[in-house]
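Tertiary structure, described
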Amino acid sequence: MIKRLAIALLAALSLLVLSVPSLPAQTLDPAAVEALAATLRMLADPAARGQILATDPNAAAVDRQVQGMAGSSQLAQEVYGLAAEVFADLARSTGGDPRQLSAALDRAKSDPAAFAAMLRPETLERLRALATRISDAKR
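A few points on the structure. (Residues numbered from 1 in each chain as written. Predicted model: local features only at pLDDT ≥ 70, side-chain atom pairs only at ≥ 80, totals over all residues. Heavy atoms only, no water.)

**Quick word on the overall build of the protein chain**
Counting secondary structure elements, the protein chain contains 8 helices and 0 strands. Along its sequence from the N terminus, the protein chain presents helices and strands in the succession α-α-α-α-α-α-α-α. Buried positions account for 40% of the 139 residues belonging to the protein chain. When contacts within the protein chain are restricted to residue pairs at least 6 apart in sequence, those whose partners lie at least 24 apart make up 74%. Counting only carbon and sulfur atoms, one obtains 57% of the accessible surface of the protein chain, whose full area is about 7,200 Å². (Helix = DSSP H or I, 4+ residues; strand = E, 2+ residues; numbered from the N terminus. Buried < 20%, exposed > 50% of the residue type's maximum accessible area, 1.4 Å probe, protein only. Contact = heavy atoms within 4.5 Å. Areas by Shrake-Rupley, 256 points an atom, 1.4 Å probe, with all protein chains shown as cover.)

**Structural notes on the nonpolar core**
If you look at the biggest cluster of nonpolar residues, it comprises 28 residues, and the most contacted ones within it are V79, L90 and F115. The biggest single contributor to this core is helix α5 (residues 73-93), with 11 residues. (Core = buried A, V, L, I, M, F, W, Y, C linked by side-chain atoms within 4.5 Å.)

**Remarks on helix α6 (residues 98-110)**
For α6, which comprises 13 residues, the first-to-last C-alpha distance of 19 Å matches the rise-based estimate of 18 Å (1.5 Å per residue) to within 8%. Of the positions making up α6, those classed as buried are L101, A104, L105 and A108. Here the buried residues of α6 occupy an arc of 100° about the axis, which is enough to place them on one side. What points out from α6, more than 90 degrees from its buried face, is the exposed set R99, K109 and S110. (Expected span 1.5 Å × (residues − 1). Arc of directions from axis to C-beta.)

**Structural notes on α5**
Its 21 residues place the ends of α5 30 Å apart at the C-alpha level, agreeing with the 30 Å of an ideal helix rising 1.5 Å per residue. Trailing α5 by a residue or two, G95 shows a phi angle of about 70°, which is positive.

**Quick word on the packing of helix α2 (residues 30-44) against helix α3 (residues 46-55)**
Where α2 contacts α3, the two axes come as close as 5 Å, and the packing angle between them is 100°. Of the possible angle classes, the one that applies to α2 and α3 is roughly perpendicular. Listed contacts from α3 to M42, L43 and A44 of α2 are P46, A48, R49 and I52. (Axes fitted to C-alpha atoms, helices over the stretch in contact; angles between N-to-C directions. Parallel < 35°, antiparallel > 145°, perpendicular 65-115°, else oblique.)

**Observations concerning the pattern of salt bridges**
Tallied over the full model, the rule gives 8 salt bridges. Note that E85 and R120 form a salt bridge whose closest N and O atoms lie 3.3 Å from each other. Of this pair, E85 sits in helix α5 while R120 sits in the loop between α7 (112-117) and α8 (121-137), and the two are 35 residues apart along the sequence. Here the salt bridges do not stand alone but share partners, grouping E85, D89, R92, R120, E122 and R126 into one network. (Salt bridge = Lys/Arg side-chain N within 4 Å of Asp/Glu carboxyl O.)

Dropping the structure here:
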């Protein structure tokens, strides 16, 4: 189940990489911090996310995948919340460089352990807990 949730998170994060403005490389400067904050707000707010989903067929396909995996709108919202946390961890660990962030997402498909190493322990625990809740809900 964790693997399925990780795949859904990667899909949700792919949506983010496509929709977020370029973040400059190096440390997170004020513009990068604002871009990150806007992205995190979009993930937290279903209405803001809905605007993107309404205009981007790729984003809508990702959302259908997340909704199907989560099994309920409440759990799907939690997946998006976790995706926001993962995205924030990745933005910090890559210094906000969109190329490094995209490369990390690509590597995650073949090396999930390396991807997990980029996340804070709290984020990993939240991933495990959400995977368990989704698995339990599907029983």
